[in-house]
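Remarks on the overall topology
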Amino acid sequence: MKKVTTEKDKPPSWVKYRPYLLLVGFSLILALILTIRAPHWVTQYRTGDVAGKNIRAPYDFLLADGLTTVKKGEIIVREGERVTYEATEKLRALRSAERQTLPIAKRFLFAFLIFFVMILVIYEFAAKNIKKFALTQKDLIFCLSLTLFTALSAKVLLIVFERFAPDYAPDLFYLIPLFMFGMILRTVLFSEVVFAFSAVLAIGVAFTTGEGVESFMYVFLGNLLAAYFSGKCENRTTILKAGLFTGLILSFLSILFQGFQDLPAGDIPIRVAFLLLNGIGSSFIVLGLLPIIEHVF
């Protein structure tokens, strides 16, 4: 006998909007994670003072003449050396740039809107046009949680690197185990979801580092490769190989970027070593996290 559906049996109308509520919450948290930055105080020095520590430019900024740009990472004052007139001018311009920085509330609001539009477009496109992209509510929560966890881990490690090892921070970025993201998504769910959410993570990381195309390609392609080599893994060796092969291919890609930007070749060996360690380390992290993920989700 066919069961008659009554009004009481129908789910509340807001249930169909639940995925979008999750996307709003995700965008809020991601914007919060990526807009918060470590406080940066510009030390007051006068010409002739002896610097107590290195001071690097935290981002690109213009000098008072409006023509000269100080690049991010450039050493303004070197520890133990006397501060020159040129250095004091740079410090003055940096303090001025700090005062003109967009207030945290506005940056957060704009970041939230950017991320919400981005994730909404990607999610809607995938849901409507990718046949296998069918996520249950639990799957969506898992994907969003893993994306937030990975973005938060990357943000915290970047702050630590810039605070305690600023000279090596650009290279240490390649030690952050971002490849685990693609391995976990591919192992737990399916390849289509890796494509969509790797794009979200890559945009978030590029937003954080300010490196644009290079950071985006590194994160996006790295996770696609990690997912490709992982497949529906049946043993631990597959995961370990996936990390190693991903590290090798991205090492080659990093060398190409070095050549394209005409950068010194001296950084290549350490970046290659970090990428290989990253791949292997990501594999071990995945092997440790998978039992926990299976239990929770």
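Residues numbered from 1 in each chain as written. Predicted model: local features only at pLDDT ≥ 70, side-chain atom pairs only at ≥ 80, totals over all residues. Heavy atoms only, no water.

**Brief notes about the overall build of the protein**
Which entries qualify depends on this criterion: Helix numbering and strand numbering both begin at the N terminus, where a helix is a DSSP run of H or I of at least 4 residues and a strand a DSSP run of E of at least 2. Each residue's exposure class comes from its accessible area (1.4 Å probe, protein chains only) as a fraction of the maximum for that residue type: buried when under 20%, exposed when over 50%, partly exposed otherwise. Whether two residues touch is decided by their heavy atoms; if any such pair falls within 4.5 Å, the residues are in contact. Under the convention used here, a 1.4 Å probe and the Shrake-Rupley method define accessible areas, while residue burial counts only the protein chains that appear.
Counting its regular elements, the protein contains 10 helices and 4 strands. Listing each helix as α and each strand as β along the protein from the N terminus yields α-β-β-β-β-α-α-α-α-α-α-α-α-α. A total of 297 residues make up the protein; the buried ones form 40% of that total. Nonlocal contacts in the protein, meaning residues at least 24 apart in sequence, comprise 72% of its contacts between residues at least 6 apart. Of the roughly 17,100 Å² of accessible surface on the protein, a fraction of 65% belongs to carbon and sulfur atoms.

**What about the environment of serine 96?**
Note on placement: serine 96 falls in helix 2 (residues 85-99). The spacing of serine 96 and leucine 62 is 34 residues in sequence and 9.8 Å in space, taken between C-alpha atoms.

**Quick notes on the nonpolar core**
Convention followed: What makes a nonpolar core is a set of buried Ala, Val, Leu, Ile, Met, Phe, Trp, Tyr and Cys residues whose side-chain atoms join them at distances within 4.5 Å.
Grouped together as the largest cluster of nonpolar side chains are 66 residues, with contacts concentrated most on Leu185, Val193, Phe197 and Tyr218. Residue contributions to this core peak at 10 residues, all from helix 4 (residues 137-164). Core analysis: the second largest hydrophobic core is formed by 14 residues, Ile55, Ala57, Ala87 and Leu91 among them.

**Here's the deal with the packing of helix 1 (residues 18-35) against helix 3 (residues 104-129)**
The cut-off we apply is this: Each axis is a line fitted through C-alpha atoms, taken for helices only over the stretch in contact, and angles between the N-to-C directions span 0 to 180 degrees. With respect to orientation, any angle under 35 degrees is reported as roughly parallel, any angle over 145 as roughly antiparallel, any angle of 65 to 115 as roughly perpendicular, and every other angle as oblique. The sense of a crossing depends on the near helix, which, turned anticlockwise from the far helix by less than a right angle, makes the crossing left-handed and, turned clockwise, makes it right-handed. Residue type decides the class: Asp, Glu, Lys and Arg count as charged, Ala, Val, Leu, Ile, Met, Phe, Trp, Tyr, Cys and Pro as nonpolar, and the leftover types, Gly among them, as polar.
One way to put it is that helix 1 packs onto helix 3 with a least axis distance of 8 Å and a crossing angle of 135°. Viewed along their axes, helix 1 and helix 3 adopt a mutual orientation that is oblique. Seen from above, helix 1 lies across helix 3 with right-handed handedness. Mapping the contact onto sequence places Pro19, Tyr20, Leu23, Val24, Phe26, Ser27, Leu28, Leu30, Ala31, Leu32, Leu34 and Thr35 in helix 1 and Ile104, Arg107, Phe108, Ala111, Phe112, Phe115, Phe116, Ile119, Leu120, Tyr123 and Glu124 in helix 3. Residues of the contact of helix 1 with helix 3, tallied by class, amount to 19 nonpolar, 2 polar and 2 charged.

**Observations regarding helix 1**
Residue pairs three or four apart in sequence face the same way in an α-helix, which turns once every 3.6 residues. Put simply, the rule reads: Working rule for helices: expected span equals 1.5 Å times residues minus one. In this context, the arc is that of the directions from the helix axis out to the C-beta atoms.
In a regular helix each residue adds 1.5 Å, so 18 residues correspond to 26 Å; helix 1 covers 26 Å between its end C-alpha atoms and thus fits that length. Among all positions of helix 1, only Leu23, Phe26, Ser27, Leu30, Ala31, Ile33, Leu34 and Thr35 are buried. One side of helix 1 carries all its buried residues, which in axial view fall inside an arc of 165°. Buried positions along helix 1 lie against helix 3, helix 4 and helix 7 (191-209).

**Focus on the packing of aromatic side chains**
Applied cut-off: Stacked, edge-to-face and tilted are the three classes for Phe, Tyr and Trp ring pairs, Trp counted by its six-membered ring, which pair at centre distances within 6.5 Å; planes under 30 degrees apart are stacked, over 60 edge-to-face, the rest tilted.
Tallied over the entire structure, the rule returns 11 aromatic pairs. For the pair phenylalanine 112 and phenylalanine 116, a centre-to-centre distance of 6.1 Å together with 20° between the ring planes defines the contact as stacked. One end of the pair, phenylalanine 112, and the other, phenylalanine 116, are both in helix 3, 4 residues apart, so they sit about a helical turn from each other. Relative to tyrosine 174, the ring of phenylalanine 173 has its centre 5.3 Å away and its plane inclined at 75°; by these criteria the two rings are edge-to-face. Overall, tyrosine 174 belongs to the buried group, its relative accessible area being 6%. Among the aromatic residues, ring-to-ring pairing joins Phe173, Tyr174, Phe179 and Tyr218 into one connected group.

**Comments concerning the environment of alanine 57**
Checked against the element boundaries, alanine 57 lands in the loop between strand 1 (55-56) and strand 2 (61-62). Looking at alanine 57, the relative accessible area reads 3%, which means it is buried. Between the C-alpha atoms of alanine 57 and glutamate 74, which are 17 residues apart in sequence, the distance is 5.4 Å.

**Some thoughts on the packing of helix 3 against helix 7**
The interhelical angle for the contact between helix 3 and helix 7, taken along N-to-C directions, is 160°, at an axis separation of 10 Å. Taken together, the axis directions place helix 3 and helix 7 in an arrangement best described as roughly antiparallel. With respect to the hand of their crossing, helix 3 and helix 7 are arranged in right-handed fashion. On the side of helix 3, the interface is formed by Ala111, Phe115, Met118, Ile119, Ile122 and Ala126, while helix 7 contributes Ala196, Phe197, Ala199, Val200, Ile203, Gly204 and Phe207. Taken together, the residues of the contact of helix 3 with helix 7 break down into 12 nonpolar, 1 polar and no charged.

**Here we look at the pattern of salt bridges**
For the record, the criterion: Salt bridge, as applied in this entry: a Lys or Arg side-chain nitrogen positioned within 4 Å of an Asp or Glu carboxyl oxygen.
All chains considered together, the criterion is met by 3 salt bridges. Note that lysine 128 and glutamate 124 form a salt bridge whose closest N and O atoms lie 2.9 Å from each other. Of this pair, lysine 128 and glutamate 124 both sit in helix 3, 4 residues apart, roughly one helical turn. We classify lysine 128 as exposed; its relative accessible area is 60%. Judged by its relative accessible area of 22%, glutamate 124 is partly exposed. The partner of arginine 271 in a salt bridge is glutamate 214, and the shortest N-O contact between them spans 3.8 Å. Of the two residues, arginine 271 is situated in helix 10 (residues 268-296) and glutamate 214 in helix 8 (residues 213-230); the sequence distance between them amounts to 57 residues.

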